[in-house]
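Summary of the model geometry
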Amino acid sequence: MKLLARADAVREIPHGVEVETDHGARLTIVLAGPDLAHVSLVRSAGWRLDRTWTIAPDGLEPPDEGRARDALDGFAPPNTQVSQADGVVTLSGGDIAVAIRANPLHLAFHRDGESAPFASDRPSGAYMLSRRTNAFVHHMARRASERHYGLGDKAGAVDRTGRRFRLEAVDPCGYDAETSDPLYKVAPILICDDRETGIAYGILYDNLAAADLDLGATIDNYHAPFRSYRAEDGDLDYWIVLGRSVLDVARKIDKLVGGQALPPKWALGFGLTSMSIADAPDADARIREIIADFARHDLPCDTFHFGSGYTLHGGKRHTFRWNETKFPDPAGTLAALHEAGLRTITNIKPCLLDDHPDYEPAAQAGILVKDGDGADAPPAVSLFWDGPGGHLDFTNPDGVAWWRGRMRERLLAIGVDTVWNDNNEYEIWDEDARCAGFGKPFDLALARPLQPLLMTRASFREQQEIAPGKRPYAITRAGGPGIGRYGQSWTGDNTTAWKTLRWNIAQGLSMGLSAMGNTGHDVGGFLGPEPTPELLVRFTEMCSLWPRMVMNSWKSSGITTLPWMFPDVIPQMREAMRLRYRLMPYLYSAMWRAARDGTPAVKPLFTLFPDDPLVATRDDLFLLGDDLLVAPVLVEGETRRSVPLPAGTAWIGFHDGARFEGGREVEIEAPLGRLPVLVREGAMIPLSRQLTRIDPARETWRGLRVHPGADGASETVLYEDDGETADWRGDGSCLIRVAMRVEGERLSLEASREGAWRPAYDALEIEIAGGRTFREIMLNGTPATAGAPLRLGFGG
């Protein structure tokens, strides 16, 4: 590779500067917002891919054909100034100043008014381009005090410092949740946190080509400590995001890539699927038996997901084709599920096998990814499930229209509620594979993760068109930054093991910090041995308080993982599953907040307690919202859990009301079936009694458990709606605000309602937790009646 050393012919442009450098390359720096710097390096031949589908500021949807990389729509650039002194050109505006030096080319990013940079390029050479290939590398300086978070769907510890990662998508069925790399999704998103300086910032590399990110694994005597991003292809196009904390940066990156879709409330209920159910020759009968079993065992469930076995024909899976022998009346099967109150979701895959009846017509129509250029180029055939096939090209408008038509006619029209976009990593390794590119073809290798993003967008939009007043529910296993604006993902085909239980937590936490917070894990583990009764219960406990909770499995023994598979622990399974439904109002409000401002519903403890060394490196437990600390049991045979409690507040046991001072590690009783959960003192937690199925229209009771602490005030916001309105930001919503004040032996609670929608309940039933008693309790300014239930109204 060639080092770019020069920085000459610096020209001022709107909101930034252009720098001419070696080999005809041009570096552009633009301040797109007071806390956003956009840097791009364009070769003399121009962009490799001049559009992006990743950047969607504040939810501004990219055009179908992509957004121009230099577009500033949706941003609010500050007034900028360009100055020069001592051979250094400085671009400043808002909260950021960028100093540009030469010999070699070097950028340093400063907070306004500060001389020391918060981020900078490697002084001994930062930018390198290959003249033989399209590869490039970007080196940045790395301070010993910096910690690194993000990268989305990655195994191992949440702190990525000292490791090297492959940014590429594969289908690693049965992966090791501690060590495997790469996995399903690609997220070139890094959050850097320097605890010595108190500065946090993010880097988003807007490039979806295969790359390696080295966060200190490489030590080189000729250079000071550094990190590097090395891509095989594409464009060096990156964003620097300045923030006040890790959580602040995560929110800003979420906003930069379009935010999070609010799922319909029913999508947060427990779901069941298994390959072995739909693969079975008597699949229809098995599904109807499962419906009855949920009722028989008094266990909650809201969704049934059809594994791809419903499309089996001659041992091969044909997307969109129902096996009519196993499902002689698919509409009838779907109707039976709906009658039981379950929503239905079908697995679909983007590859048409070469014996699929639609394969040849699709190939002739040119809607599959091609092997080369030109209208007559054949499909790029790759190995898929059960044989070779061609992948649909979602950068071809005709292909998208074909796909949506099949989805509507063969699935949605007969009663399927939504689809599960699966096996969409696009493992086409043919170097000549080409995408239509919406009229401007490009190599598939430039943006393989774009295909699953656009596939999920097609699923999202088809539902929008059919039911414009309702929120779509889209699911995808693969994709890149931006998939959150269309729907949900999960940690993929995990393994049934205690190790997985522990490391799936860290994996999900990293996704939450990388704009992929609507996530969860296959309950009980997908691949591997059958779970033991204890492991199944502990897995269920851990998964019960993540946004996605679906039990999914494939076992070589043919055994299906089911909530009632071990009769001796059904009561414990019921307790663990019902905890989710009891806390559903709280979880739903956390998801609303994630959609509103980008705060991940599930997050590491250090995001809210950044200065507490007790929790600084802990990724074996998590926060749900701001007030629930969740500490799953992760070791076989244990019935107690050691829990580090952040300082500065006390914590109340959710199950028993026991009070613990923060700033120490405590032992919590954790009998099988009881997930250790602690509530931050001062919090108010909404509760439900709807423990079998989610149905806002019939939810006539809402509890509010308050946890009064020392004298002072606190507030909570409870979000409610009909569970699926598209107008969740407007008249379709309801916000119930509750303010609590403690003054000695006096407790005051005030509630108010905002929004036009009215829930089926008209008051909150108050429960006081934590052992506090009060001489006087005021409810909306009126003294509570002694001995009567505490009911807090919230206005008309």
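Position numbers for residues count from 1 along each chain, tracking the sequence in the order it is written. In keeping with the model being predicted, local features are shown solely for residues with a pLDDT of at least 70 and side-chain atom pairs are shown and tallied solely at 80 or more, while totals for entire chains, interfaces and linings include all residues. Only hydrogens and water are set aside; all other atoms, that is, all heavy atoms of the structure, feed into the side-chain values.

1. Concerning the overall build of the protein
- Numbering goes from the N terminus for both helices and strands, where a helix is a DSSP run of H or I of at least four residues and a strand is a run of E of at least two. Looking only at helices and strands, the protein has 11 helices and 54 strands in total.
- In this setup the radius of gyration rests on C-alpha atoms only. A globule is expected at 2.2 Å times the number of residues raised to 0.38. Whereas a compact globule of 796 residues would reach a radius of gyration of roughly 28 Å, the protein reaches 27 Å, a difference of no more than 12%.
- Projecting the C-alpha coordinates of the protein onto the three principal axes gives extents of approximately 80 × 70 × 50 Å.
- Only protein chains enter the area calculation, which uses a 1.4 Å probe; residues under 20% of their type maximum are buried, those over 50% are exposed, and those in between are partly exposed. In the protein, which comprises 796 residues, the share counted as buried stands at 63%.
- Considering only intrachain contacts with a sequence separation of at least 6, the fraction spanning at least 24 residues in the protein is 68%.
- Surface accessibility in these figures is a Shrake-Rupley result with a 1.4 Å probe; residues are shielded only by whichever protein chains are displayed. Approximately 27400 Å² of the protein is accessible, and the part contributed by carbon and sulfur atoms is 48%.
- For the charge count, each Lys or Arg is scored as positive and each Asp or Glu as negative, with His and the chain ends excluded. Lys charges are placed at NZ, Arg charges at CZ, Asp charges at CG and Glu charges at CD. The protein carries 87 positive and 110 negative side-chain charges, and their two centres are separated by 2 Å. Should any heavy atoms of two residues lie within 4.5 Å, those residues are counted as being in contact.

2. So, the pattern of salt bridges
- Salt bridges are identified by distance alone: a Lys or Arg side-chain nitrogen within 4 Å of an Asp or Glu carboxyl oxygen. Enumeration over the complete set of coordinates arrives at 82 salt bridges.
- The partner of aspartate 293 in a salt bridge is arginine 296, with the nearest N and O atoms 2.6 Å apart. Residue aspartate 293 and its partner arginine 296 are located together in helix H3 (residues 283-296), separated by 3 residues, close to a single helical turn.
- The class of aspartate 293 is buried, set by a relative accessible area of 7%.
- One salt bridge connects arginine 659 with glutamate 681, and the closest N-O pair in it is separated by 2.7 Å. Remark: glutamate 681 occurs in the loop between strand S45 (677-680) and strand S46 (684-687) and arginine 659 occurs in strand S43 (residues 659-661); sequence separation between them is 22 residues.
- On the basis of relative accessibility, which here comes to 41%, the residue arginine 659 falls in the partly exposed class.
- For glutamate 681, a relative accessible area of 18% corresponds to the buried category.
- Through salt bridges that share partners, Asp171, Lys349, Asp422, Glu425, Arg477 and Asp493 make up one connected network.

3. Observations regarding the packing of helix H10 (residues 570-582) against helix H11 (residues 584-597)
- Helix axes are fitted only over the stretch in contact, all axes being lines through C-alpha atoms; the angle between N-to-C directions runs from 0 to 180 degrees. Here H10 crosses H11 at 55°, and the two axes come no closer than 5 Å. If you check the angle between H10 and H11, you find them oblique. Here Arg580, Tyr581 and Arg582 of H10 lie close against H11, whose contacting residues are Met584, Pro585 and Leu587.
- We call Asp, Glu, Lys and Arg charged. Ala, Val, Leu, Ile, Met, Phe, Trp, Tyr, Cys and Pro are nonpolar, and the rest, Gly among them, are polar. Split into classes, the residues belonging to the contact of H10 with H11 amount to 4 nonpolar, no polar and 2 charged. When an angle is under 35 degrees it counts as roughly parallel; over 145 it counts as roughly antiparallel; between 65 and 115 it counts as roughly perpendicular; any other value is oblique.

4. A short note on the UniProt feature "domain: DUF5110" (unreviewed entry) in the protein
- UniProt positions are given in the numbering used here, feature names are shortened, and annotations may be inferred rather than shown by experiment. Sequence positions flagged by UniProt for "domain: DUF5110" (unreviewed entry) are, in local numbering, residues 704-770.
- A helix fraction of 0% and a strand fraction of 58% characterise residues 704-770, whose end C-alpha atoms lie 14 Å from each other.

5. Here we look at helix H9 (residues 533-543)
- The buried fraction of H9 amounts to 10 of the 11 residues, a majority that puts the element mostly inside the structure.
- When we look at burial in H9, the residues that qualify are Glu534, Leu535, Leu536, Val537, Arg538, Phe539, Thr540, Glu541, Met542 and Cys543.

6. Here we look at the UniProt feature "domain: Glycoside hydrolase family 31 N-terminal" (unreviewed entry) in the protein
- Using the residue numbers shown here, the UniProt feature "domain: Glycoside hydrolase family 31 N-terminal" (unreviewed entry) corresponds to residues 27-214.
- Structurally, residues 27-214 comprises 0% helix and 41% strand, and the distance from its first C-alpha atom to its last is 23 Å.

7. As for the side chain of glutamate 168
- Within the element layout of this structure, glutamate 168 appears in the loop between strand S16 (164-167) and strand S17 (189-194).
- What makes glutamate 168 buried here is its relative accessible area of 15%.
- Here a polar contact is recorded for every N or O atom pair within 3.5 Å, except that within protein the pair must consist of a potential hydrogen donor and a potential acceptor, and residues adjacent in sequence are included only if both atoms are side-chain atoms. Here the side chain of glutamate 168 touches arginine 166 through a polar contact of 3.2 Å, side chain to side chain.
- Once you skip the residues sitting within four places of it in the chain, glutamate 168 turns out to touch Pro182, Leu183, Val186, Ala210, Trp429 and Arg448.

8. Notes on the sheet that holds strand S15 (residues 146-150)
- One bridge is not enough; two strands pair if DSSP finds at least two bridges between them. Taken in spatial order, the 8 strands line up as S2-S3-S4-S5-S21-S18-S17-S15 in an open sheet, and their pairing is antiparallel. The open sheet has two edge strands, strand S2 (8-13) and S15, and neither has a second partner. Here the strands of the sheet are splayed against their neighbours by 20° on average, with no regard to which way each runs.
- Here strand S18 (residues 199-205) pairs with strand S21 (residues 236-243) via 6 bridges, running antiparallel. In the strand pairing of S21, glycine 202 is matched with valine 241.
- On the sheet, helix H1 (residues 246-256) packs against strand S5 (36-42), S15, S17, S18 and S21 and is oriented at approximately 135° with respect to S21.

9. Regarding the environment of aspartate 522
- Tracing the sequence through the fold places aspartate 522 in strand S36 (residues 520-523).
- Spatially, the C-alpha atoms of aspartate 522 and phenylalanine 460 are 22 Å apart, while their sequence positions differ by 62 residues.
- Not counting chain neighbours up to four residues away, the residues in contact with aspartate 522 comprise Trp490, Gly492, Asp493, Asn494, Phe539, Val550 and Asn552.

10. Section: the sheet that holds S45
- Spatially, 6 strands are ordered S38-S39-S40-S45-S42-S43 in an open sheet, and the strand pairing comes out antiparallel. Only two strands of the sheet have a single neighbouring strand rather than two, namely strand S38 (602-603) and S43.
- Across 3 bridges, the pairing between strand S42 (residues 650-653) and S43 is antiparallel. The residue bridging isoleucine 652 from the neighbouring strand is arginine 659, located in S43.

11. Some thoughts on the packing of helix H6 (residues 397-410) against helix H7 (residues 450-466)
- Two elements in contact, H6 and H7, have axes separated by 10 Å at closest approach and are oriented at 55°. Viewed along their axes, H6 and H7 adopt a mutual orientation that is oblique. Two packed elements cross with a definite hand, and for H6 against H7 that hand is right-handed. Together, Val400, Trp403, Arg404, Met407 and Arg408 of H6 and Met455, Ala458, Ser459, Arg461, Glu462, Gln463, Glu465 and Ile466 of H7 make up the contact between the two elements.
- Of the residues contributing to the contact of H6 with H7, the split by class is 6 nonpolar, 2 polar and 5 charged. What makes a crossing left-handed is the near helix being turned counterclockwise from the far one by less than a right angle; a clockwise turn instead makes it right-handed.

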